[in-house]
Structures are given as C-alpha cells and as structure tokens.
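Architecture and fold: a report
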Amino acid sequence: MSGSGYLELNGIASRYGATQVLKDINLSIRAGEFVALLGSSGCGKTTLLRTLAGFNAPSSGSVHIGARDITHLPPDKRGMALVFQSYALWPHMTVDENIAYGLKLKGVPRADIAAKVSAMQSLLGLQGLGGRKPQALSGGQRQRVALGRALVIDPEILLLDEPLSNLDARIRLTVRHELRALQQRLGITAIHVTHDREEAMVMADRIVILDAGRIAQQGRPEEVYNRPASPFVAAFMGAENLLKLDGFVVGDRFVLSPGAVHAAGGVPLDGRSLASGAVEARFRPEAARILATLDTATPEDGMTFRGEVLAVTYPGGHWRHVVRTGAHEILADAPRACQPGERVAVHVGADALFLFNLAEPASASSLPASRA
Ligand SMILES: Nc1ncnc2c1ncn2[C@@H]1O[C@H](COP(=O)(O)OP(=O)(O)OP(=O)(O)O)[C@@H](O)[C@H]1O
C-alpha cells in the first residue's frame, strides 16, 4: 500500500483483450468520503468501478480496504454494494421483496429482514409502497428502491454507476441532494460515476477526472473548477473558449504580449508553472465581460480583446454572444444583449483565465483555432 486512505488503489491497469482501458490508476479514498469519477464517454469510469466491485480483474495493481488486500476477492466478499443506472430491480418482485433480496441471500432471519426493510423504507421515504411492483413506481421511487436494496446490507462502500441519469431533470436535482444527505447521515464511503460535471460538483467531496484511462486531475470541486491542471481539465470543466497567445515571465507575473486584436495583459503566476513563450488561454463564457465601449481603458490584469458580435441567444439569466475575434469565435455571456454586427471589447479577469504552455510558439497576431 502506498497511501494512508481507507480504500486504496495502487497502479491499477485494466484491459479488454488487446485494448488497455485503465493505466496506472492511483487513488486513496478516506472513510466516509464521497468521490465522483468524472469523465467523458469511454474514458474508463465504469471499468474502474467494476474493478473496485470485483467484476473486472485488473491486469496489474492492487486494491486495499485498510490493511486488507481485496484485489482478488469475489464481489460478494468485498463489503460493497453497486447501484446501476438501470436500477436492475427484479420486475416480478414487490418493493419489499426487492429490498429484502440481499438479506435473504445472506440467510438473515425473517423477522430481522422485515425490520430492516421497514427501516430502509422509512429512511428513503418509501413507506406505503412495499406491496407495489417496480413498474408501478416513478423513476425516482425506483431509484430509491435500488438504493434501499444496496444500503440494506450495510455495505462499507457504496458504488454508484450513473444512478441518476435515467431520471428527468427536476427529479434528478432532488435525488442528488437526497443521496448526498443520506450518504453523510450513514457515514458511508461512496464512489459515484458520472459524466455530468454539475452533478459531480454538487455531490462530491472530491472529483477525480479521468481522461483516456488515466487520472487527469483530482481535488475538491472548487480546486478542479478554479485551478484546472491541464487544457483537457479546463475544457472539461467548461472553459471551452480557446485563444493562443504569446507571453513572458516577468518576476511573479506572466505578461501577455499585445497582438492584432488583443491588448497587453497579464496574470499573477501564483503557483502556475508557466514558461515564456506560446500559451493556450482558456476561459468560460461567463468569465468573459463585454466592455461598455471600445475606448474603455483596458485593464492590465487578465486579457482584453476586440471582436464583432456574430449572434446572440438567451439561454436564461444572461445573453450569450458568439464573438469573432481575429479568425476565431468565442462565447461571451453578458447581462444585456449586444446586436449582431456590433464591435465590442471583451475582458477576461486574471482569476478566470487559465494559461498553459504550448509546445510551439503562436503568432501574436493569429488568434486561435478555437471552437469546433
Ligand atoms: N466488455 C468489454 N469489452 C471490450 N471493450 C470494452 C468492454 N467494456 C468496455 N469496453 C471499452 O472500454 C472503454 C472504457 O469503457 P467504460 O465503460 O469503462 O467507459 P465509461 O467512461 O464508463 O463510458 P460511459 O460514460 O460511456 O459509460 C471503452 O472504449 C469501451 O468501449
């Protein structure tokens, strides 16, 4: 074991035939922690969860719970429960029977089963539904039955594989909070697979972002959101606007060189590892501020560029502008609508500007190959 966590994954690699899916995964999870595994489709989230559950054997590496090596233990001996996206309830069984299922398999006495099932139904707000079959339940109720079936066996670790993605948007928001509150109340360790950034942000103590089978970054939600460690994480966390710029390190600042459509600017280094040369600048649409007039003195902190509004939409709460700057297009949100054809200046503050060194220098006058 390498870390001091409760659940430890060391050097986990996994393959399907010749295809390597997980590469050198090292993860140390504390008891009672809620960890979200976040990543785009096919990056290996489910494979990692199945490896934890014991359904996939890793090709190398180990899994420990405390001092116990569980790498080769069968799923039913791991003290874990898995909840799927599809709920996987038995259609011919009632709610009571579905929840009781794992207890029956364990040979728990009937009277104890009845008491535990009833307690679980109270906990999950399923009272009065015990006699119904799954098809007579709403999606949210089915999801709670699936959770009840998982939790009733008192697992040490709860594994959740996109359990909310079949719920409609409104119920999903409620169940997110219910699930998180329940996990905290029971003090259970939870690992939750999702490709939904907001879901991971609001539910998890820690987010682990996977990219092509590797951990791209892990940290508290606000850390990965505000301090993305790579262009991939920045883009995945919503900073999809991309400009390529040049700059140089002066003392504790990275100074951005002026170009044909952007003014000089800069950011405090503040722990960023940046070298003089070409950089990729990423930022979120909501971080871009459309300045009142082109004559506004350009702030030194951050970056200001000129452009032309191409299109305006109203997604709710703000106006979203497509702005052409140089040969490229970015998205910028504003509380008021600018008109297509309007010439604007756009400012992005230093805090919201994520800079990463590029291998090759970019010309300051040729702004980025950005939005696909
Ligand atoms: N049984 C299998 N045999 C071969 N390849 C597989 C198998 N299961 C998954 N894969 C491949 O392994 C890769 C990772 O799959 P995995 O299901 O872990 O991804 P994921 O991140 O959970 O994706 P999604 O969000 O779409 O569910 C994918 O390229 C997938 O096609």
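Given the structure is predicted, the values throughout are model-derived calculations rather than measurements.

**Structural notes on the site of the ligand**
Contacts to the ligand come from Tyr-16, Thr-19, Val-21, Gly-39, Ser-41, Gly-42, Cys-43, Gly-44, Lys-45, Thr-46, Thr-47 and His-195. Contributing elements (two or more residues each) for the shell around the ligand: β2 (19-29) and α1 (45-53). Counted by class, the shell around the ligand contains three nonpolar, eight polar and one charged residues.

**Digging into the domain arrangement of the protein chain**
The domain boundaries assigned to the protein chain delineate domain 1 (7-231) and domain 2 (239-357). Just the C-alpha atoms count here: the centres of domain 1 and domain 2 sit 40 Å apart.

**Looking at the environment of Ala-327**
With respect to the helices, strands and loops of the structure, Ala-327 is situated in the loop between β17 (319-325) and β18 (328-334). On a C-alpha basis, the gap between Ala-327 and Leu-147 in space is 51 Å, while along the polypeptide they are 180 residues apart.

**Some remarks on the sheet that holds β2**
Sheet strands pair by backbone hydrogen bonding; their relative direction is either parallel or antiparallel. Taken together, the four strands give an open sheet; going across it, the order is β2-β1-β4-β5, and neighbouring strands pair in antiparallel fashion. If you trace the sheet from one side to the other, it starts and ends with β2 and β5 (68-69), each paired once. When strand β1 (residues 7-16) meets strand β4 (residues 60-65), the two strands line up antiparallel, connected through five bridges. Its bridge partner being in β4, Asn-10 is matched across the sheet by Ser-62.

**Points about the nonpolar core**
Ranked by internal contacts, the top residues of the largest apolar core, which has 85 residues, are Ala-36, Leu-37, Leu-159, Ile-191 and Val-208. A domain-level breakdown of this core finds at least three residues from each of domain 1 (7-231) and domain 2 (239-357). If near-sequence neighbours (up to four positions away) are discounted, Val-208 is found in contact with Leu-27, Val-35, Ala-36, Leu-37, Leu-38, Ile-215 and Gln-218.

**Brief notes about helix α5 (residues 169-186)**
In this model α5 runs 26 Å from its N-terminal to its C-terminal C-alpha over 18 residues, within 8% of the 26 Å that 1.5 Å per residue would give. In the stretch just after α5, Gly-187 is the one whose phi turns positive, near 65°.

**What to know about the sheet that holds strand β11 (residues 241-250)**
Spatial ordering of the open sheet is given by β13-β12-β11-β14-β20, a layout of five strands whose pairing is antiparallel. Bordering the open sheet on either side are β13 (265-268) and β20 (354-357), each of which pairs with just one other strand. Along the sheet, successive strands turn relative to each other by an average axial angle of 40°, direction set aside. Direction of pairing for strand β14 (residues 277-283) relative to β20: antiparallel, over a ladder of four bridges.

**Notes on helix α2 (residues 95-105)**
Here α2 has its buried residues at Val-95, Asp-96, Asn-98, Ile-99, Ala-100 and Leu-103. Looking at the packing, one finds that the buried side of α2 touches α3 (110-124) and α4 (139-151). Following α2 by one or two positions, Gly-107 adopts a phi angle in the positive range, close to 75°.

Quick notes on the rules
- Residues numbered from 1 in each chain as written.
- Predicted model: local features only at pLDDT ≥ 70, side-chain atom pairs only at ≥ 80, totals over all residues.
- Near = placed C-beta within 6 Å.
- Helix = DSSP H or I, 4+ residues; strand = E, 2+ residues; numbered from the N terminus.
- Nonpolar A, V, L, I, M, F, W, Y, C, P; charged D, E, K, R; others polar.
- Domains from an automatic or database assignment.
- Pairing = 2+ DSSP bridges.
- Core = buried A, V, L, I, M, F, W, Y, C linked by C-beta atoms within 7 Å.
- Buried ≥ 20, exposed ≤ 12 C-beta atoms within 10 Å, placed from the backbone.
- Contact = placed C-beta atoms within 7 Å.
- Expected span 1.5 Å × (residues − 1).
- Axes fitted to C-alpha atoms, helices over the stretch in contact; angles between N-to-C directions.

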